[in-house]
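Read off the chains here:
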Amino acid sequence: MAKTAACEEFEAACVGAGLKPEIAFIGGGNMATALIEGFLKSGLVTQDSIFISVLTNESAAHWRKFGITTYTDNDELLDHHGQGLVFLAVKPHMLSTVALSIKRRLSRLKVTVSVLAGVRLSSLALCLAANDGTLCPLIRIMPNMPSAVGHGAAVLTASADCPQPMVELVTKLMQTVGTCDAIPESQMDAACALSGSGPAFVYSVIEAMSDGGVHAGLPRALATKLAAQTVMGAAHMVLTTEKHPGELKDMVCSPGGTTIAGIRALERGNLRSSLIEAVQAAAERSIQLGNLSQPATK
Ligand SMILES: NC(=O)C1=CN([C@@H]2O[C@H](COP(=O)(O)OP(=O)(O)OC[C@H]3O[C@@H](n4cnc5c(N)ncnc54)[C@H](OP(=O)(O)O)[C@@H]3O)[C@@H](O)[C@H]2O)C=CC1
Ligand SMILES: O=C(O)[C@@H]1CCC=N1
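Keep in mind that what you see is a predicted model, and the values were worked out from it rather than measured.

Draft legend 1. Region of interest: the confidence of the model for the chain. This prediction gives the chain a mean pLDDT of 96; 99% of its residues lie at or above 70. The ipTM assigned to the predicted complex is 0.99, against a pTM of 0.96.

Next comes the structure, spelled out in structure tokens:
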């Protein structure tokens, strides 16, 4: 497959950061799929520079159908492709199992990028460090599902010893599938709740708005399309105008008109409070997952 200029630039950046231009994923579920789809669409990487290990043969067969070299053994993945970016994309409770493969190969790993919700750098360090204390640089990111279509919202935080070129490389990679902001680790649980979980909240809003459209007489397909396009357009205005969302809302509300009647119904149903509570509940769960994943002793 012909390499794009962006792809060649990315490979050069990997080499500049001391990495092989490869991306290995431990875990090939929903989030890995979204990232890989996004990376491939961006033209920054090609299929032959992505490698995955998964748990089941069914999942491996699925990935192989797409021409991605896939393993069902993390040791094998890391032996062959551990010298580039290694993404940890399993569920938080699976960390201790996959950590064994990583800690056995630390002398050869260059950097590990975790997408795990809640799991703090200190826990990753405790789980991943070899018995002699060897540990590769660690980066935590919190991506989200719309990375698959180039509109992700990610945040990133890195271990103090992580070389700046590696941080810049991962930031650049994530920025090809959306935005990527560096934040202090203390804000990670809040970001996980807002942008990591947020797509599910917004899908629920779109689904409910579509229901409203159908109730008011629209066919389902048109109702869903109008709801999604409206959310996208409104989001675009928030991002591209200098206006506060409240000001934009006021611009839609004609005095005595239809919108303010709808806003009144939303206030009665506590929409805003429900969304605040949803983000808070997700943040609390992220903290809880972080506490659960803290190894008791090394
Ligand atoms: N889903 C989302 O929107 C987001 C998820 N995250 C984080 O991403 C991580 C993954 O989530 P998600 O993709 O949704 O989860 P999934 O359950 O969809 O995927 C988990 C993957 O891990 C694989 N796996 C399980 N055990 C092992 C093992 N021992 N070795 C290698 N692979 C293994 C599974 O393999 P198999 O397919 O064979 O079962 C599966 O591919 C989580 O930590 C989550 O917090 C972060 C941001 C958003
Ligand atoms: O629900 C979860 O735990 C993951 C983390 C953020 C989005 N999905």
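Draft legend 2. Highlighting the UniProt feature "domain: Pyrroline-5-carboxylate reductase dimerisation" (unreviewed entry) in the chain. UniProt marks residues 185-288 with the feature "domain: Pyrroline-5-carboxylate reductase dimerisation" (unreviewed entry), using the numbering shown here. Across residues 185-288, the secondary structure splits into 82% helix and 0% strand, with the terminal C-alpha atoms separated by 15 Å.

Draft legend 3. How the structure looks around the packing of aromatic side chains. This model, assessed by the stated rule, comprises 2 aromatic pairs. An aromatic cluster is present here, built from Phe25, Phe39 and Phe87 joined pairwise through their rings.

Draft legend 4. How the structure looks around the UniProt feature "binding site: NADPH" (unreviewed entry) in the chain. When the UniProt feature table is mapped to this numbering, "binding site: NADPH" (unreviewed entry) covers Asn74. Residue position: Asn74 is located in helix H4 (residues 74-81). Excluding anything up to four places from it in sequence, Asn74 contacts Ile26, Ser53, Val98 and Ser101.

Draft legend 5. Region of interest: the side chain of Arg140. Among the structural elements, Arg140 can be located in strand E6 (residues 138-142). Residue Arg140 is classed as buried on the basis of its relative accessible area, which comes to 2%. A polar atom in the side chain of Arg140 sits 3.0 Å from the backbone oxygen of Val119. For Arg140, the residues in contact, after removing those within four places along its chain, are Ser114, Leu116, Gly118, Val119, Arg120, Leu121, Leu124, Val155, Leu156, Thr157, Glu185 and Met188.

Draft legend 6. Inspection of the packing of H4 against helix H5 (residues 95-104) at higher detail. Remark: H4 packs on H5, axes separated minimally by 9 Å, with the N-to-C direction vectors making an angle of 35°. The crossing of H4 and H5 is right-handed. Seen from H4, the contacting residues are Asn74, Asp75 and Leu78; seen from H5, they are Val98, Ser101, Ile102 and Arg104. Here the residues of the contact of H4 with H5 sort into 3 nonpolar, 2 polar and 2 charged.

Draft legend 7. Region of interest: the pairing of strand E7 (residues 152-158). Along E7, 5 of the 7 residues are buried, which leaves the element largely enclosed by surrounding structure. Summarising the sheet, E6 and E7 pair through 4 bridges and their orientation is antiparallel. Paired with Met142 across the bridge in E7 is Val155. Pairing of E7 with strand E8 (residues 178-182) involves 5 bridges; the strand directions are parallel.

Draft legend 8. Region of the structure containing the site of ligand 1. Within the structure, ligand 1 sits among 24 residues, and Asn30, Met31, Thr56, Ser59 and Val90 are positioned closest to it. A distance of 3.0 Å separates an oxygen atom of ligand 1 from a polar backbone atom of Gly29. Take Ser59: an N or O atom from its side chain is 2.6 Å from an oxygen atom of ligand 1. Protein chains bury 82% of the 910 Å² of accessible surface belonging to ligand 1 in isolation. Of the residues belonging to the shell around ligand 1, the class tally is 15 nonpolar, 8 polar and 1 charged.

Draft legend 9. How the structure looks around the sheet that holds E7. The strand order E3-E2-E1-E4-E5-E6-E7-E8 describes an open sheet built from 8 strands, whose pairing is mixed. Both edges of this open sheet fall to strand E3 (69-71) and E8, since each of them pairs with a single strand only. Ignoring which end each strand starts from, the neighbouring axes of this sheet average 25° apart. Strand direction decides the pairing type here: strand E5 (residues 111-114) and E6, joined by 3 bridges, are parallel.

Draft legend 10. Focus on H5. Buried residues of H5: Leu95, Val98, Ala99, Ser101 and Ile102, and no others. For H5, the angular spread of the buried residues around the axis is 160°, confining them to a single face. More than 90 degrees from the buried face of H5, the exposed residues found are Thr97 and Arg104. In the core, the buried residues of H5 are packed alongside strand E1 (23-26), H4, strand E4 (85-88), E5 and helix H6 (121-128).

Draft legend 11. Highlighting the pattern of salt bridges. Under the definition given, this model contains 11 salt bridges. Lys20 is the partner of Glu22 in a salt bridge, and the nearest nitrogen-oxygen pair spans 3.7 Å. When its relative accessible area of 39% is taken as the criterion, Lys20 is described as partly exposed. In this structure, Asp75 engages Arg105 in a salt bridge whose closest nitrogen and oxygen atoms are separated by 3.1 Å. Linking Asp75 in helix H4 with Arg105 in the loop between H5 and E5, this pair joins segments that are 30 residues apart in sequence. One salt-bridge network, in which partners are shared between bridges, spans Asp75, Asp79, Arg104, Arg105 and Arg108.

Definitions and limits used
Residues numbered from 1 in each chain as written. Chains lettered and ligands numbered in written order. Predicted model: local features only at pLDDT ≥ 70, side-chain atom pairs only at ≥ 80, totals over all residues. Heavy atoms only, no water. pLDDT = per-residue confidence, 0-100. UniProt positions renumbered as here; feature names shortened; annotations may be inferred. Helix = DSSP H or I, 4+ residues; strand = E, 2+ residues; numbered from the N terminus. Phe/Tyr/Trp six-rings, centres within 6.5 Å; stacked < 30°, edge-to-face > 60°. Contact = heavy atoms within 4.5 Å. Buried < 20%, exposed > 50% of the residue type's maximum accessible area, 1.4 Å probe, protein only. Polar contact = N/O pair within 3.5 Å; in protein donor to acceptor, adjacent residues only side chain to side chain. Axes fitted to C-alpha atoms, helices over the stretch in contact; angles between N-to-C directions. Left-handed = near helix turned anticlockwise from the far one by under 90°. Nonpolar A, V, L, I, M, F, W, Y, C, P; charged D, E, K, R; others polar. Pairing = 2+ DSSP bridges. Near = heavy atom within 4 Å. Areas by Shrake-Rupley, 256 points an atom, 1.4 Å probe, with all protein chains shown as cover. Arc of directions from axis to C-beta. Salt bridge = Lys/Arg side-chain N within 4 Å of Asp/Glu carboxyl O.

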